[in-house]
Amino acid sequence: MSDSDEVRLVVPARPEFLRLARVTAAGLAGRLGFSYDEIEDLRLAIDELCFGLTGPTGRHGTVELAYHIQPGVLEVVGEGRFLEDIIPIGLTDLSRVILSALVDEHDLTSGPEGPRFRLVKRRHSDAAASGD
């Protein structure tokens, strides 16, 4: 991996396909040296934010994800590209609390092109502290 790489993934905006977003994030975080617990936190955060975009049953359209990879840092940007009118799903207060505990930065916004989320997870494990 170079100092900054990007992986893109486009999946149907339905729950059975959004697991690919989690698997991709986990694989990339593993390559970056994230601990098991950090990877699990990231997977849960991806779930919360994808749910914020699509709701429990999904939507007609796609979710486009961009994984920005830097040494010890993974940023994930997800954008909903839906065929129906854009109705913001949003995050519950509980989801916001959970996300704040799981990742270093997160947001979910609605724009003219559709809903969008962003999260940043930094490696805080012992391997990062020792420079491995």
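A brief report on the enclosed structure follows. What you see is a predicted model; the values in this text were computed from it and never measured.

Here is what the cut-offs are and how they apply
- Counting from 1, residues in each chain are numbered in the order their sequence is written.
- Only residues with pLDDT of at least 70 are given local features in this predicted model, and only at 80 or more are side-chain atom pairs given and counted; all residues enter the totals for whole chains, interfaces and linings.
- Just so you know, side-chain values use all the structure's heavy atoms and leave hydrogens and water out.
- Whenever Lys or Arg places a side-chain nitrogen within 4 Å of a carboxyl oxygen from Asp or Glu, that contact is recorded as a salt bridge.
- By the criteria applied, helices consist of DSSP H or I runs no shorter than four residues and strands consist of E runs no shorter than two, each listed in order from the N terminus.
- The rule is simple: take the accessible area with a 1.4 Å probe, protein chains only, and divide by the maximum for that residue type; under 20% is buried, over 50% is exposed, in between is partly exposed.
- Positive charges come from Lys and Arg, negative ones from Asp and Glu, while His and the chain ends are left out of the count.
- Any pair of residues with heavy atoms lying within 4.5 Å of one another is described as a contacting pair.
- Here, the term nonpolar core denotes a set of buried Ala, Val, Leu, Ile, Met, Phe, Trp, Tyr and Cys residues that are joined through side-chain atoms within 4.5 Å.

### Looking at the pattern of salt bridges
Here is step 1: Enumeration over the complete set of coordinates arrives at twelve salt bridges.
Here is step 2: What emerges from the salt-bridge pattern is a single network uniting Glu64, Glu79, Arg81 and Arg116.

### Description of the side chain of Glu38
Here is step 1: On the secondary structure map, Glu38 appears in helix H2 (residues 36-54).
Here is step 2: One buried charged residue, Glu38, remains without a salt bridge, the closest side chain of opposite sign being Lys121 at 5.4 Å.
Here is step 3: Among residues more than four places away in sequence, those in contact with Glu38 are Lys121, Arg122, Arg123, His124 and Ser125.

### Quick notes on the environment of Leu18
Here is step 1: Structurally, the position occupied by Leu18 is in helix H1 (residues 15-31).
Here is step 2: Taking the C-alpha atoms as reference, Leu18 lies 7.3 Å from Cys50; in sequence the two are 32 residues apart.
Here is step 3: Once you skip the residues sitting within four places of it in the chain, Leu18 turns out to touch Val11, Pro12, Cys50, Thr54 and Val63.

### Some details on the nonpolar core
Here is step 1: Ranked by size, the top nonpolar core spans 31 residues in total, and within it Val63, Leu65, Tyr67, Leu74, Val76, Phe117 and Leu119 carry the most contacts.
Here is step 2: Mapped onto this core, the elements with two or more residues apiece are strand E1 (5-12), H1, H2, strand E2 (61-70), strand E3 (73-82), helix H3 (93-102) and strand E5 (114-122).
Here is step 3: Here this core takes seven residues from H2, the largest share from any one element.
Here is step 4: Residues within four places of Val63 in sequence aside, it is in contact with Leu9, Val10, Val11, Ala13, Leu18, Leu53, Thr54, Glu79 and Phe82.

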